[in-house]
Amino acid sequence: MNRLMAGAMWLLMSGVAAQVQAQQLRYEDIFTSEALRVELVHTAYRDRDVFALEALAIEPVWPGPRRNLIDPTGYGKYRFKVIDKATSKVVFSQGYCTLLGEWITTEEAASGAGRSMSEPLRFPRPKAPVQLVVEGRVEKTGKFAELARIEIDPSAYDVPSEKHFDFAVTTLHESKTDLARSVDVVVVPDGYSPLEMDKMRADAARLSRLLLASTPFDRHADRLSVRLVEAVGRGSGPDEPRKGWFQPTAVGTTFDTFRSPRYLTTADMRTLKRIAALSPYDTIVVVVNTNRYGGGGIPGWYSIYPSDSEYDEYVFQHEFGHGFAGLGDEYYTSPTSYDEDAFYAAGVEPWEPNLTIETARAKIKWGAFIPAEVPVPTPDDPKYDGVVGLFEGGGYKAKGIFRPTRNSKMFHKGEVGFGPVNEAAIEKMIRYLSDEEVRP
Ligand SMILES: [Zn+2]
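Residues numbered from 1 in each chain as written. Predicted model: local features only at pLDDT ≥ 70, side-chain atom pairs only at ≥ 80, totals over all residues. Heavy atoms only, no water.

Moving on, we get to the coordination of the zinc ion. Donor atoms from the polypeptide that coordinate the zinc ion comprise His 318 (NE2), His 322 (NE2) and Asp 329 (OD), at 2.1 Å from the metal. Read from N- to C-terminus, the donor residues coordinating the zinc ion fall into the pattern H-x3-H-x6-D. Each member of the pair, His 322 together with Asp 329, is buried. (Donors = N, O, S within 2.8 Å, 3.2 Å for Na, K, Ca; no water. Buried < 20%, exposed > 50% of the residue type's maximum accessible area, 1.4 Å probe, protein only.)

What follows covers the pairing of strand S11 (residues 283–288). The element S11 is extensively covered by neighbouring structure, given that six of its six residues are classed as buried. Here S11 shows no split at all, with Thr 283, Val 285 and Val 287 on one side and Ile 284, Val 286 and Val 288 on the other all buried. Pairing of strand S9 (residues 183–190) with S11, which is carried by six bridges, proceeds in the parallel orientation. The residue bridging Asp 190 from the neighbouring strand is Val 288, located in S11. (Helix = DSSP H or I, 4+ residues; strand = E, 2+ residues; numbered from the N terminus. Pairing = 2+ DSSP bridges.)

With respect to the element layout, Asp 256 can be found in the loop between strand S10 (224–229) and helix H6 (269–276). Those residues within four positions of Asp 256 in sequence are excluded, and the remaining contacts are Glu 240, Pro 241, Arg 242, Pro 261, Tyr 263 and Arg 292. (Contact = heavy atoms within 4.5 Å.)

It is worth spelling out the pattern of salt bridges at this point. Applying the stated criterion to the full structure yields 32 salt bridges. A salt bridge links Asp 198 to Arg 201, with the nearest nitrogen and oxygen atoms 3.4 Å apart. Taken together, the residues span about one helical turn, with Asp 198 and Arg 201 both in helix H5 (residues 197–213) at a distance of three residues. Looking at Asp 198, the relative accessible area reads 62%, which means it is exposed. With relative accessibility at 34%, the residue Arg 201 sits in the partly exposed group. The partner of Glu 230 in a salt bridge is Arg 201, and the shortest N-O contact between them spans 2.7 Å. With Glu 230 in the loop between S10 and H6 and Arg 201 in helix H5, the pair connects residues that are 29 residues apart, well separated along the chain. Judged by relative accessible area, which is 7%, Glu 230 ranks as buried. (Salt bridge = Lys/Arg side-chain N within 4 Å of Asp/Glu carboxyl O.)

Taken as a whole, the protein chain is organised into domain 1 (18–161) and domain 2 (164–335 + 375–440). The gap between the C-alpha centroids of domain 1 and domain 2 is 22 Å. In this complex, domain 1 contributes 32 residues to the contact, which on the side of domain 2 involves 37 residues. Across the domain 1 to domain 2 interface the summed buried area is about 2,900 Å²; carbon plus sulfur atoms make up 57%. If you look at where domain 1 meets domain 2, you find two salt bridges. One salt bridge in this structure joins Arg 274 and Glu 39, with 2.9 Å as the shortest N-O distance. Between the two partners, domain 1 and domain 2, sit 14 residue pairs in polar contact (both at pLDDT 80 or more). Breaking the side of domain 1 that touches domain 2 down by element, the ones donating at least two residues are strand S1 (31–45), strand S2 (48–59), strand S4 (90–96), helix H3 (99–103) and strand S5 (115–126). (Domains from an automatic or database assignment. Buried area = accessible area lost by both parts, 1.4 Å probe. Polar contact = N/O pair within 3.5 Å; in protein donor to acceptor, adjacent residues only side chain to side chain.)

Right, here's the structure in full:
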């Protein structure tokens, strides 16, 4: 058995183990109906990570899956596990990415600098003491290794349950299922002053319509919910550092992230998650009051989208593809702030469902989607437009990383859909979060 086959076997077995373990976990035995938010601060240097606890908080309801307690996707640069102290069993896990995890691939980090950001993690509130284990992928292998282990007593008398904000929540679209079996999207607006509440509501409603009209979300409208937290700040519009504009807004979004003009993000996850907590949610979308083109989407973290860009539909779907479904960028021609080899190390299979380094049909993660008559790798020829194959270029690299279709929402703006592979990845995430069985 060669190394790659051993890897595939391991993946298969760990998937089976996760299913078996998940079946043995009964939500009611382990968790209350509330959520626990663990507000960590993550300090990263190129060669080390430090995590420390800032605060704990109880949220009134856990809106996520109750059967899919172990993340079946394998997505994310990081993963956290909740371990029951009495039995040493993993009772919950979830993969995610962070803005800090991207910063670590920039030149600034390569120069030896360190940086800290808030990193709040959330899971159902355990009834008994647990250990929270944070893992990160080892750059050279792509495998998870433990970065921190934090002791938590979720029933301690000093764990607060106060709300930090008092904004109204309105429902834009209601699912036909209960919270555990629905995918709950919370829209957090940023850059809206109290005088712009009407625009905020209209922008959020448009976003909700865009989501529900997008394939494959249109096929699952019955189990999607969209809610708006009507957050306002004093300023109007996001920060635009290049222009010297800085605005006091609700969650502090900014263009020019890592000196990339269109990269619109926020580093203030503590505030964002405190505001989001006013509503039940599985995924956060930040709608930013601006007509400038840009955006940002970080898997398991958030999707950020400008309210009035001319590429509205494309930007929303592209960023939501990142933030919601863990899809990677399929383009390789635009400049980025990342050191390419730090973002996708040579010889390491990306975890993203739409990127691979494998060129043998049987090992390509979307191999089952490639028709037998399509050559692999697939020539960059218009005759293969709309066909699933293995196209070279993706993940900011022209060589050595492959994508499933010649063009898609994750590649280029324009009149093109996600494509079958990305749609399947999105549907896998919908099944996971709506508590249906997910095959690894
Ligand atoms: Zn992107």
